[in-house]
Amino acid sequence: MSILISNVSKVYGTQYALNNVSFEVKKGEIVGFLGPNGAGKSTMMKIITCFIPPTEGDVSVCGFDIWNDSIEVRKRIGYLSESNPLYHDMYVREFLEFIADIYHINNKKQRIEEIIEMTRLEIEQHKRIGALSRGYKQRVGLAQALIHDPEVLILDEPTTGLDPNQLVEFRELIRQCGKQKTVLLSTHIMQEVEAMCNRVIIINNGIIVADNSMQDLKEKVTSFRKTKQGHELSMEEVFHFLTKG
Ligand code: ADP
Ligand code: MG
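Owing to the predicted nature of the structure, the values given are computational and were not obtained by experimental measurement. (Residues numbered from 1 in each chain as written. Chains lettered and ligands numbered in written order. Predicted model: local features only at pLDDT ≥ 70, side-chain atom pairs only at ≥ 80, totals over all residues. Heavy atoms only, no water.)

Enquirer: How should the coordination of the magnesium ion (ligand 2) be read in this particular structure?
Expert: Ideal geometry at a metal gives 109.5 degrees between four tetrahedral donors and either 90 or 180 degrees between six octahedral ones. Protein-derived ligands of the magnesium ion (ligand 2) are S42 (OG) and E82 (OE), with the metal-ligand distances lying across 2.0 to 2.5 Å. On the criterion of sequence distance, the pair formed by S42 in helix α1 (residues 41–48) and E82 in the loop between β6 (77–80) and α3 (92–102) is long-range, its members being 40 residues apart. (Donors = N, O, S within 2.8 Å, 3.2 Å for Na, K, Ca; no water. Helix = DSSP H or I, 4+ residues; strand = E, 2+ residues; numbered from the N terminus.)

Enquirer: When you look at the site of ligand 1 in this model, what are you seeing that I'm missing?
Expert: In the region of ligand 1, the neighbouring residues are Y12, Q15, A17, P36, N37, G38, A39, G40, K41, S42 and T43. In the model, a nitrogen atom of ligand 1 is placed 3.5 Å from a nitrogen or oxygen of the Y12 side chain. One nitrogen or oxygen atom from the side chain of T43 is found 2.5 Å from an oxygen atom belonging to ligand 1. Burial of ligand 1 by the protein chains amounts to 62% of its free accessible area of 560 Å². Put simply, the parts of the chain that give the shell around ligand 1 at least two residues each are β2 (15–25) and α1. No other element matches α1, which puts 3 residues into the shell around ligand 1. Broken down by class, the residue content of the shell around ligand 1 amounts to 4 nonpolar, 6 polar and 1 charged. (Near = heavy atom within 4 Å. Polar contact = N/O pair within 3.5 Å; in protein donor to acceptor, adjacent residues only side chain to side chain. Areas by Shrake-Rupley, 256 points an atom, 1.4 Å probe, with all protein chains shown as cover. Nonpolar A, V, L, I, M, F, W, Y, C, P; charged D, E, K, R; others polar.)

Enquirer: Even after reading the chapter, I still don't get unusual backbone geometry, so can you show me in this structure?
Expert: The general pattern is negative phi for most residues beyond glycine and trans for most peptide bonds. Phi is positive for R120, close to 50 degrees, though the residue is something other than glycine. Mapped onto the fold, R120 is located in the loop between α4 (108–118) and α5 (134–146). Not every positive phi belongs to a glycine, and D149 is a case in point at roughly 50 degrees. Residue position: D149 is located in the loop between α5 and β7 (152–156).

Enquirer: Help me out: how do you make sense of a nonpolar patch on the surface in this one?
Expert: A cluster of nonpolar residues, Y87, F98, I102 and Y103, forms a patch on the protein surface that exposes about 380 Å² of accessible area. Of note, I102 is situated in helix α3. Judged by its relative accessible area of 49%, I102 is partly exposed. (Patch = residues over 30% accessible without salt bridge, like charges linked within 9 Å, V, L, I, M, F, W, Y side chains within 5 Å. Salt bridge = Lys/Arg side-chain N within 4 Å of Asp/Glu carboxyl O. Buried < 20%, exposed > 50% of the residue type's maximum accessible area, 1.4 Å probe, protein only.)

Enquirer: Can you help me understand the sheet that holds strand β3 (residues 30–34) in this one?
Expert: Hydrogen bonds between backbone atoms are what pair the strands of a sheet, whose relative direction is either parallel or antiparallel. Across the sheet, which stays open at both edges, the 6 strands sit in the order β6-β7-β8-β3-β9-β10 with mixed pairing between neighbours. Whereas interior strands pair on both sides, the edge strands pair on one side only; in this sheet they are β6 and β10 (207–213). Within the sheet, the average angular offset between the axes of one strand and its neighbour, ignoring direction, is 15 degrees. Relative to β7, β6 runs parallel, the two being bridged by 4 bridges. When the sheet's bridge partners are listed, Y79 is paired in β7 with I154. (Pairing = 2+ DSSP bridges. Axes fitted to C-alpha atoms, helices over the stretch in contact; angles between N-to-C directions.)

Enquirer: What exactly am I supposed to notice about the environment of V168 here?
Expert: Mapping V168 onto the fold places it in helix α6 (residues 164–177). Exposure remark for V168: the relative accessible area of 57% places this residue in the exposed category. For the pair V168 and A195, spaced 27 residues apart in sequence, the C-alpha separation works out to 9.5 Å.

Enquirer: Explain the packing of aromatic side chains here, please?
Expert: Any pair of aromatic rings gets described here by the distance separating the centres and the angle formed by the planes. Scanning the model with the defined rule gives 4 aromatic pairs in all. Aromatic side chains F23 and F33 sit 5.6 Å apart centroid to centroid with 45 degrees between the ring planes, which places their arrangement in the tilted category. With F23 in strand β2 and F33 in strand β3, this pair connects stretches of sequence that are 10 residues apart. Exposure remark for F23: the relative accessible area of 4% places this residue in the buried category. Looking at R139, its charged tip hangs above the ring of Y136, at a distance of 4.6 Å from the centre. (Phe/Tyr/Trp six-rings, centres within 6.5 Å; stacked < 30°, edge-to-face > 60°. Lys NZ or Arg CZ within 6 Å of the ring centre and 35° of its normal.)

Enquirer: Help me out: how do you make sense of the pairing of β2 in this one?
Expert: The side chains of a regular strand alternate between both faces of the sheet. Pairing of strand β1 (residues 3–12) with β2, which is carried by 7 bridges, proceeds in the antiparallel orientation. Bridged to K10 within β2 is L18.

Enquirer: Looking at this structure, how should I read the side chain of T119?
Expert: Here T119 is to be found in the loop between α4 and α5. Residue T119 is classed as buried on the basis of its relative accessible area of 0%. Of the polar contacts made by the side chain of T119, one reaches the backbone oxygen of I115; its length is 2.7 Å. Excluding its chain neighbours within four sequence positions, the residues that come into contact with T119 are R139, L142, A143, L146 and L173. (Contact = heavy atoms within 4.5 Å.)

Enquirer: I tried to follow the pattern of salt bridges on my own but got confused; where do I start?
Expert: When the charged atoms of two side chains lie near each other, side chains of opposite charge can form a pair. This structure, assessed with the given rule, holds 15 salt bridges. E124 is paired through a salt bridge with K127; the nearest N and O atoms lie 3.1 Å apart. Judged by relative accessible area, which is 36%, K127 ranks as partly exposed. Between E192 and R171 there is a salt bridge, and its shortest N-O distance comes to 2.8 Å. Of this pair, E192 sits in helix α7 (residues 190–196) while R171 sits in helix α6, and the two are 21 residues apart along the sequence. Overall, the relative accessible area of 0% leaves E192 in the buried class. R171 gets classed as buried once you look at its relative accessible area, which sits at 13%.

This is the structure we're talking about:
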C-alpha cells in the first residue's frame, strides 16, 4: 500500500476540517481527490506530506509512519502544493539545481536535463521563473516534485488557473509522469478526474462521501443524468446525488 490513512481528524479552533477520514491508495493508482472549496482536500494533503500534523489519527506512506519516520515519508513524496511556491527571481535551471541539492541528488546535471525534457520545459529553461506563464510555472512546480524520482506524487489542484490549451497539455504531462507512480490529485472539477484518474474519492465538509472506481462513478453519473433528461448538471447537484447515494 502506498498511502494508508486511518481515522484522521484535523481541528482548527472548533472546526473539523477533516472528520475521521480513512482511505488507502494502492501502488500505481491515480486517484482523484474531488470536493468543493473548503472540503478539506489541501488539509489532507498537507498532513500526508508532513507539512502539518493531524489532530488525531495515523498516516503511513510506503510503509513509513508520519509520526515516527517523517523524513522517510518526505523522501518518497513529490508535492506540488496549491500555491506552488517558487522563487520568482531564480532562473529555471538555477531553481532546479537548488532543489536537487536539497535532495542530495547524484548526477545532478544529468537529472536536471532529464527532468527538463520530461516536463517539456526546454524552450523556457533559460528564463527567470517570474517571467514564465502560469502553465510553465506549473511545469517548474511539477519538475521540482519529480526531481528526486519519488514513489508518490501529491498534486493539489495542479491545473487551477490554466487556460484551455495549457490545461490539456498539463493533464497529459501528469498522465505521462504519473505512469510509474502513485498519484493523489485534488480538484473540484469532475471532468478532470474523468480525464486522468482510475479512482475517485469524494470529500465534502471533511468527510469522505464516496470512493469509487472511475467506471462506477461514470455509470452512476450517467444514470443520474438520464433522470434529469439532458439538463446540464452542476457540480453541486452531482455532489448532492453522490452524497445521498
Ligand atoms: P480545500 O483544499 O478542499 O478547499 P482546505 O483543506 O483548504 O479545503 O480547508 C478545509 C477547511 O479548513 C476550510 O473551511 C478552511 O477554511 C479551513 N482551514 C484550512 N486551513 C486553516 C487554518 N490554517 N486555520 C483555520 N482554518 C483553516
Ligand atoms: Mg485546497
